[in-house]
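# Fold and contact review
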Amino acid sequence: MTNQIITIDGPSGAGKGTVAYRLAEHFGFELLDSGALYRIIGLLAFQQGLLGDEIDEDELERLIYSINLSFRPNTAQRTVQILIDDKPLTDDIRTETVGAYASKVAVFPKVRNALLDLQRNIASNKTGLVADGRDMGTVIFPDACAKIFLTASAKARADRRFLQLQQAGKTADYDDILAKIVARDERDENRTVAPSRPAPDALVIDSSDKSVDVVFDEILAFVDGQLNSMTTNIN
Ligand code: DC
(Lines give C-alpha, C1' and ligand atoms only; values in the text may rest on other atoms or scores of the structure.)
Protein backbone atom coordinates (compact mmCIF):
# COMPACT_ATOMS: atom_id res chain seq x y z
CA MET A 1 0.00 0.00 0.00
CA THR A 2 1.20 3.50 -0.74
CA ASN A 3 2.21 5.68 2.20
CA GLN A 4 1.00 8.83 0.53
CA ILE A 5 -2.37 8.88 2.23
CA ILE A 6 -3.91 11.95 3.80
CA THR A 7 -6.97 11.35 5.97
CA ILE A 8 -9.59 13.96 6.80
CA ASP A 9 -12.18 12.94 9.36
CA GLY A 10 -14.85 14.88 11.17
CA PRO A 11 -18.58 15.67 11.21
CA SER A 12 -20.48 16.70 8.10
CA GLY A 13 -20.53 20.39 7.32
CA ALA A 14 -17.13 21.14 8.85
CA GLY A 15 -15.63 21.67 5.39
CA LYS A 16 -13.94 18.28 4.88
CA GLY A 17 -15.15 17.85 1.31
CA THR A 18 -13.82 21.22 0.14
CA VAL A 19 -10.47 20.82 1.87
CA ALA A 20 -10.11 17.23 0.64
CA TYR A 21 -10.73 18.32 -2.94
CA ARG A 22 -8.22 21.16 -2.69
CA LEU A 23 -5.58 18.89 -1.17
CA ALA A 24 -6.14 16.31 -3.91
CA GLU A 25 -5.74 19.01 -6.55
CA HIS A 26 -2.66 20.45 -4.88
CA PHE A 27 -0.80 17.15 -4.59
CA GLY A 28 -2.24 15.47 -7.70
CA PHE A 29 -3.78 12.74 -5.53
CA GLU A 30 -7.12 10.99 -5.92
CA LEU A 31 -10.00 11.47 -3.56
CA LEU A 32 -11.99 8.87 -1.65
CA ASP A 33 -15.30 10.14 -0.29
CA SER A 34 -16.11 7.25 2.06
CA GLY A 35 -19.36 8.92 3.16
CA ALA A 36 -20.69 8.31 -0.37
CA LEU A 37 -20.27 4.55 0.18
CA TYR A 38 -22.33 4.66 3.36
CA ARG A 39 -24.89 6.91 1.67
CA ILE A 40 -25.30 4.44 -1.21
CA ILE A 41 -25.80 1.51 1.18
CA GLY A 42 -28.19 3.60 3.31
CA LEU A 43 -30.27 4.58 0.29
CA LEU A 44 -30.43 1.03 -1.10
CA ALA A 45 -31.34 -0.31 2.35
CA PHE A 46 -34.14 2.24 2.61
CA GLN A 47 -35.41 1.42 -0.90
CA GLN A 48 -35.47 -2.26 0.00
CA GLY A 49 -37.42 -1.62 3.20
CA LEU A 50 -34.59 -2.61 5.52
CA LEU A 51 -34.58 0.53 7.71
CA GLY A 52 -37.67 -0.12 9.82
CA ASP A 53 -37.79 0.01 13.63
CA GLU A 54 -35.84 -3.24 13.90
CA ILE A 55 -32.83 -3.15 11.59
CA ASP A 56 -31.36 -6.56 10.79
CA GLU A 57 -27.59 -6.32 10.46
CA ASP A 58 -27.38 -9.61 8.54
CA GLU A 59 -29.83 -8.32 5.93
CA LEU A 60 -27.66 -5.23 5.45
CA GLU A 61 -24.57 -7.38 5.09
CA ARG A 62 -26.36 -9.56 2.50
CA LEU A 63 -27.37 -6.41 0.63
CA ILE A 64 -23.76 -5.22 0.45
CA TYR A 65 -22.52 -8.60 -0.79
CA SER A 66 -25.39 -8.87 -3.31
CA ILE A 67 -24.29 -5.78 -5.22
CA ASN A 68 -21.07 -5.30 -7.08
CA LEU A 69 -19.49 -2.07 -5.86
CA SER A 70 -16.60 -0.90 -7.99
CA PHE A 71 -14.61 2.27 -8.43
CA ARG A 72 -13.60 4.32 -11.42
CA PRO A 73 -11.32 7.30 -11.23
CA ASN A 74 -12.91 10.49 -12.50
CA THR A 75 -9.71 12.30 -13.34
CA ALA A 76 -11.41 15.58 -14.24
CA GLN A 77 -12.99 15.81 -10.79
CA ARG A 78 -10.20 13.95 -8.99
CA THR A 79 -12.82 11.68 -7.44
CA VAL A 80 -13.12 7.95 -7.21
CA GLN A 81 -16.56 7.40 -8.70
CA ILE A 82 -18.52 4.56 -7.10
CA LEU A 83 -20.34 2.20 -9.44
CA ILE A 84 -23.07 -0.26 -8.53
CA ASP A 85 -23.13 -3.25 -10.85
CA ASP A 86 -20.95 -1.20 -13.21
CA LYS A 87 -23.41 1.72 -13.32
CA PRO A 88 -23.08 5.08 -11.55
CA LEU A 89 -25.88 5.76 -9.10
CA THR A 90 -28.17 8.47 -10.43
CA ASP A 91 -30.29 9.10 -7.30
CA ASP A 92 -29.40 12.10 -5.19
CA ILE A 93 -27.39 10.80 -2.26
CA ARG A 94 -26.36 14.24 -0.96
CA THR A 95 -29.56 15.04 0.94
CA GLU A 96 -29.74 15.14 4.75
CA THR A 97 -32.34 12.35 4.60
CA VAL A 98 -29.87 10.03 2.87
CA GLY A 99 -27.17 11.20 5.30
CA ALA A 100 -29.40 9.95 8.14
CA TYR A 101 -29.89 6.57 6.39
CA ALA A 102 -26.10 6.35 5.98
CA SER A 103 -25.53 7.13 9.64
CA LYS A 104 -28.09 4.45 10.64
CA VAL A 105 -26.46 1.66 8.63
CA ALA A 106 -22.97 2.82 9.65
CA VAL A 107 -23.43 1.76 13.30
CA PHE A 108 -23.39 -1.95 12.41
CA PRO A 109 -20.05 -3.78 12.64
CA LYS A 110 -20.95 -6.15 9.77
CA VAL A 111 -21.64 -3.20 7.49
CA ARG A 112 -18.36 -1.50 8.36
CA ASN A 113 -16.47 -4.73 8.00
CA ALA A 114 -17.97 -5.43 4.58
CA LEU A 115 -16.74 -2.02 3.39
CA LEU A 116 -13.29 -2.17 4.97
CA ASP A 117 -11.31 -4.03 2.31
CA LEU A 118 -13.08 -2.16 -0.47
CA GLN A 119 -11.79 1.11 0.94
CA ARG A 120 -8.26 -0.17 1.52
CA ASN A 121 -8.11 -1.61 -2.00
CA ILE A 122 -8.80 1.81 -3.44
CA ALA A 123 -5.51 3.03 -2.01
CA SER A 124 -3.48 0.04 -3.16
CA ASN A 125 -2.59 1.18 -6.68
CA LYS A 126 -2.53 4.94 -6.15
CA THR A 127 0.48 7.19 -5.83
CA GLY A 128 -1.52 9.26 -3.40
CA LEU A 129 -4.97 9.42 -1.88
CA VAL A 130 -6.94 11.90 0.18
CA ALA A 131 -9.53 9.94 2.17
CA ASP A 132 -12.48 11.77 3.71
CA GLY A 133 -14.81 10.24 6.32
CA ARG A 134 -15.18 9.45 10.02
CA ASP A 135 -12.71 6.59 10.60
CA MET A 136 -10.14 7.09 7.86
CA GLY A 137 -7.30 7.91 10.27
CA THR A 138 -8.41 5.67 13.14
CA VAL A 139 -9.42 2.43 11.38
CA ILE A 140 -9.10 2.32 7.60
CA PHE A 141 -5.69 3.95 7.09
CA PRO A 142 -3.96 3.95 10.50
CA ASP A 143 -0.55 4.34 8.78
CA ALA A 144 -1.55 7.44 6.81
CA CYS A 145 1.23 10.02 6.60
CA ALA A 146 -0.97 12.97 7.57
CA LYS A 147 -4.18 12.83 9.58
CA ILE A 148 -6.55 15.71 10.06
CA PHE A 149 -9.72 15.96 12.13
CA LEU A 150 -11.76 18.91 10.95
CA THR A 151 -14.63 19.92 13.14
CA ALA A 152 -16.93 22.92 13.80
CA SER A 153 -19.71 23.64 16.26
CA ALA A 154 -23.15 22.27 15.37
CA LYS A 155 -24.40 25.87 15.17
CA ALA A 156 -21.72 26.94 12.70
CA ARG A 157 -22.45 23.91 10.53
CA ALA A 158 -26.20 24.53 10.64
CA ASP A 159 -25.62 28.21 9.70
CA ARG A 160 -23.58 27.14 6.66
CA ARG A 161 -26.10 24.53 5.56
CA PHE A 162 -28.98 26.97 5.96
CA LEU A 163 -27.17 29.57 3.84
CA GLN A 164 -26.31 27.00 1.15
CA LEU A 165 -29.95 25.93 0.86
CA GLN A 166 -31.15 29.53 0.78
CA GLN A 167 -28.64 30.42 -1.92
CA ALA A 168 -29.82 27.41 -3.93
CA GLY A 169 -33.37 28.82 -3.70
CA LYS A 170 -34.57 25.91 -1.55
CA THR A 171 -36.85 26.22 1.45
CA ALA A 172 -35.02 25.55 4.69
CA ASP A 173 -36.06 25.29 8.33
CA TYR A 174 -33.10 26.29 10.51
CA ASP A 175 -34.25 24.48 13.67
CA ASP A 176 -34.87 21.31 11.70
CA ILE A 177 -31.38 21.48 10.11
CA LEU A 178 -29.73 22.00 13.50
CA ALA A 179 -31.71 19.16 15.11
CA LYS A 180 -30.72 16.75 12.33
CA ILE A 181 -27.05 17.70 12.57
CA VAL A 182 -27.08 17.13 16.34
CA ALA A 183 -28.88 13.77 15.98
CA ARG A 184 -26.43 12.54 13.34
CA ASP A 185 -23.37 13.68 15.36
CA GLU A 186 -24.76 11.88 18.39
CA ARG A 187 -25.15 8.60 16.47
CA ASP A 188 -21.77 8.84 14.69
CA GLU A 189 -19.85 9.76 17.84
CA ASN A 190 -21.44 7.26 20.20
CA ARG A 191 -21.58 4.08 18.17
CA THR A 192 -19.48 1.25 19.55
CA VAL A 193 -17.59 0.51 16.33
CA ALA A 194 -15.32 3.12 14.74
CA PRO A 195 -16.94 6.13 16.41
CA SER A 196 -16.18 9.47 14.84
CA ARG A 197 -13.19 10.84 16.76
CA PRO A 198 -9.70 12.15 16.06
CA ALA A 199 -6.82 9.69 15.75
CA PRO A 200 -4.24 10.35 18.53
CA ASP A 201 -1.78 11.64 15.91
CA ALA A 202 -4.28 13.83 14.04
CA LEU A 203 -4.13 17.59 13.67
CA VAL A 204 -7.45 18.83 15.08
CA ILE A 205 -8.86 22.02 13.57
CA ASP A 206 -12.07 23.78 14.55
CA SER A 207 -13.34 25.67 11.50
CA SER A 208 -16.26 27.42 13.28
CA ASP A 209 -14.69 30.87 13.04
CA LYS A 210 -12.27 30.36 10.16
CA SER A 211 -12.56 30.86 6.44
CA VAL A 212 -11.96 27.96 4.05
CA ASP A 213 -8.70 29.58 2.89
CA VAL A 214 -7.34 29.90 6.43
CA VAL A 215 -8.27 26.30 7.24
CA PHE A 216 -6.74 25.06 4.00
CA ASP A 217 -3.47 26.95 4.59
CA GLU A 218 -3.14 25.52 8.12
CA ILE A 219 -3.78 22.00 6.86
CA LEU A 220 -1.42 22.39 3.91
CA ALA A 221 1.41 23.54 6.20
CA PHE A 222 0.83 20.49 8.40
CA VAL A 223 0.64 18.04 5.48
CA ASP A 224 3.76 19.52 3.85
CA GLY A 225 5.59 19.02 7.14
CA GLN A 226 4.44 15.41 7.43
CA LEU A 227 5.36 14.60 3.83
CA ASN A 228 8.78 16.21 4.23
CA SER A 229 9.54 14.31 7.42
CA MET A 230 8.51 11.11 5.61
CA THR A 231 10.98 11.82 2.81
CA THR A 232 13.71 12.71 5.33
CA ASN A 233 13.13 9.45 7.19
CA ILE A 234 13.34 7.44 3.98
CA ASN A 235 16.64 9.07 2.90
O1 DC B 1 -19.57 12.34 5.32
P2 DC B 1 -21.04 12.07 5.04
O3 DC B 1 -21.95 13.11 5.63
O4 DC B 1 -21.29 11.88 3.56
O5 DC B 1 -21.37 10.66 5.74
C6 DC B 1 -22.67 10.15 5.84
C7 DC B 1 -22.76 9.21 7.04
O8 DC B 1 -22.02 8.03 6.76
C9 DC B 1 -22.21 9.74 8.35
O10 DC B 1 -23.18 10.42 9.11
C11 DC B 1 -21.69 8.51 9.05
C12 DC B 1 -21.36 7.56 7.93
N13 DC B 1 -19.92 7.45 7.67
C14 DC B 1 -19.19 6.61 8.49
O15 DC B 1 -19.73 6.06 9.44
N16 DC B 1 -17.88 6.40 8.24
C17 DC B 1 -17.25 7.02 7.23
N18 DC B 1 -15.97 6.79 7.00
C19 DC B 1 -17.98 7.90 6.40
C20 DC B 1 -19.32 8.13 6.66
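Residues numbered from 1 in each chain as written. Predicted model: local features only at pLDDT ≥ 70, side-chain atom pairs only at ≥ 80, totals over all residues. Heavy atoms only, no water.

## A word on the overall build of the protein
- Broken down by element type, the protein carries 9 helices and 8 strands.
- In terms of overall dimensions, the protein is globule-like: its C-alpha atoms have a radius of gyration of 17 Å, near the 18 Å expected for 235 residues.
- If one aligns the C-alpha atoms of the protein with their principal axes, the spans along those axes are about 55 × 40 × 35 Å.
- By the burial criterion, 44% of the 235 residues in the protein qualify as buried.
- When contacts within the protein are restricted to residue pairs at least 6 apart in sequence, those whose partners lie at least 24 apart make up 74%.
- Just so you have it, the protein exposes about 11,800 Å², and 49% of that area is on carbon and sulfur atoms.
- Each charge class in the protein was averaged separately, 26 positive and 35 negative side chains, and the resulting centres sit 2 Å apart. (Helix = DSSP H or I, 4+ residues; strand = E, 2+ residues; numbered from the N terminus. Rg over C-alpha atoms; globule rule 2.2 N^0.38 Å. Buried < 20%, exposed > 50% of the residue type's maximum accessible area, 1.4 Å probe, protein only. Contact = heavy atoms within 4.5 Å. Areas by Shrake-Rupley, 256 points an atom, 1.4 Å probe, with all protein chains shown as cover. Lys, Arg positive; Asp, Glu negative; His and termini not counted. Charge placed at Lys NZ, Arg CZ, Asp CG, Glu CD.)

## Concerning helix 2 (residues 34–47)
- Helix length check: helix 2, at 14 residues, gives a terminal C-alpha distance of 20 Å against a target of 20 Å (1.5 Å per residue), a fit within 8%.
- Counting buried residues in helix 2 gives 11 out of 14 residues, a clear majority hidden from the surface.
- The complete set of buried residues in helix 2 reads Ser34, Ala36, Leu37, Tyr38, Arg39, Ile40, Ile41, Gly42, Leu43, Leu44 and Ala45. (Expected span 1.5 Å × (residues − 1).)

## Topic: the pairing of strand 1 (residues 5–9)
- For strand 1, the buried fraction is high: 5 of the 5 residues fall into the buried class.
- Along strand 1, one buried face is formed by Ile5, Thr7 and Asp9 and the opposite face, lined by Ile6 and Ile8, is buried too.
- Judged from the 5 bridges that link them, strand 1 and strand 6 (residues 129–133) form a sheet pairing that is parallel. Pairing of Ile5 across the sheet is with Leu129, part of strand 6.
- Where strand 1 lies against strand 7 (residues 146–151), 4 bridges are found, and the strand directions are parallel. Bridging from a neighbouring strand, Asp9 pairs with Phe149 of strand 7. (Pairing = 2+ DSSP bridges.)

## Focus: the packing of helix 2 against helix 4 (residues 96–105)
- Orientation of helix 2 relative to helix 4, taken along the N-to-C sense of each, is 95 degrees, at an axis distance of 7 Å. If you check the angle between helix 2 and helix 4, you find them roughly perpendicular. Of the residues in helix 4, those touching helix 2 at Tyr38, Arg39, Ile41, Gly42, Leu43, Ala45 and Phe46 are Val98, Gly99, Tyr101, Ala102 and Val105.
- Here the contact of helix 2 with helix 4 is composed, by residue class, of 9 nonpolar, 2 polar and 1 charged. (Axes fitted to C-alpha atoms, helices over the stretch in contact; angles between N-to-C directions. Parallel < 35°, antiparallel > 145°, perpendicular 65-115°, else oblique. Nonpolar A, V, L, I, M, F, W, Y, C, P; charged D, E, K, R; others polar.)

## A closer look at the layout of surface pockets
- Approximately 340 Å³ is the volume found for the second largest pocket.
- Along the wall of the second largest pocket there are 15 residues; nearest its centre are Thr95, Glu96, Arg161, Leu165 and Ile177.
- Listing elements by their share of the lining of the second largest pocket, those giving two or more residues are helix 4, helix 7 (154–167) and helix 8 (174–190).
- By residue number, the principal contributor to the lining of the second largest pocket is helix 8, which donates 4 residues. (1 Å grid on protein atoms, 1.4 Å probe; cavity = no way out; pocket = protein on both sides within 12 Å on 5 of 7 lines; lining within 4 Å. Points joined across faces, edges and corners; volume = space filled by probe spheres on them.)

## Describing helix 1 (residues 16–27)
- Given a rise of 1.5 Å per residue, 12 residues ought to cover 16 Å, and the 16 Å separating the end C-alpha atoms of helix 1 matches this to within 8%.
- Trailing helix 1 by a residue or two, Gly28 shows a phi angle of about 70 degrees, which is positive.

## A short note on the packing of aromatic side chains
- For the structure shown, the criterion picks out 3 aromatic pairs.
- Residues Phe46 and Tyr101 carry aromatic rings whose centres are separated by 4.4 Å and whose planes lie at 10 degrees to one another, so their mutual orientation is stacked. With a gap of 55 residues between them, Phe46 in helix 2 and Tyr101 in helix 4 connect regions that are remote in the sequence.
- Under the relative-accessibility criterion, Phe46 is labelled partly exposed at 44%.
- Centre to centre, the rings of Phe162 and Tyr174 are 5.7 Å apart; their planes meet at 85 degrees, and the pair counts as edge-to-face. (Phe/Tyr/Trp six-rings, centres within 6.5 Å; stacked < 30°, edge-to-face > 60°.)

## Observations concerning empty space enclosed by the protein
- Counted by the stated rule, this structure contains 1 cavity of 30 Å³ or more.
- Pro11, Ser12, Arg134, Arg157, Ile181, Arg184, Asp185 and Asp188 together form the lining of the largest cavity.
- Counting residues per element, the lining of the largest cavity draws most heavily on helix 8, which supplies 4 residues.
- Residue classes in the lining of the largest cavity are distributed as 2 nonpolar, 1 polar and 5 charged.

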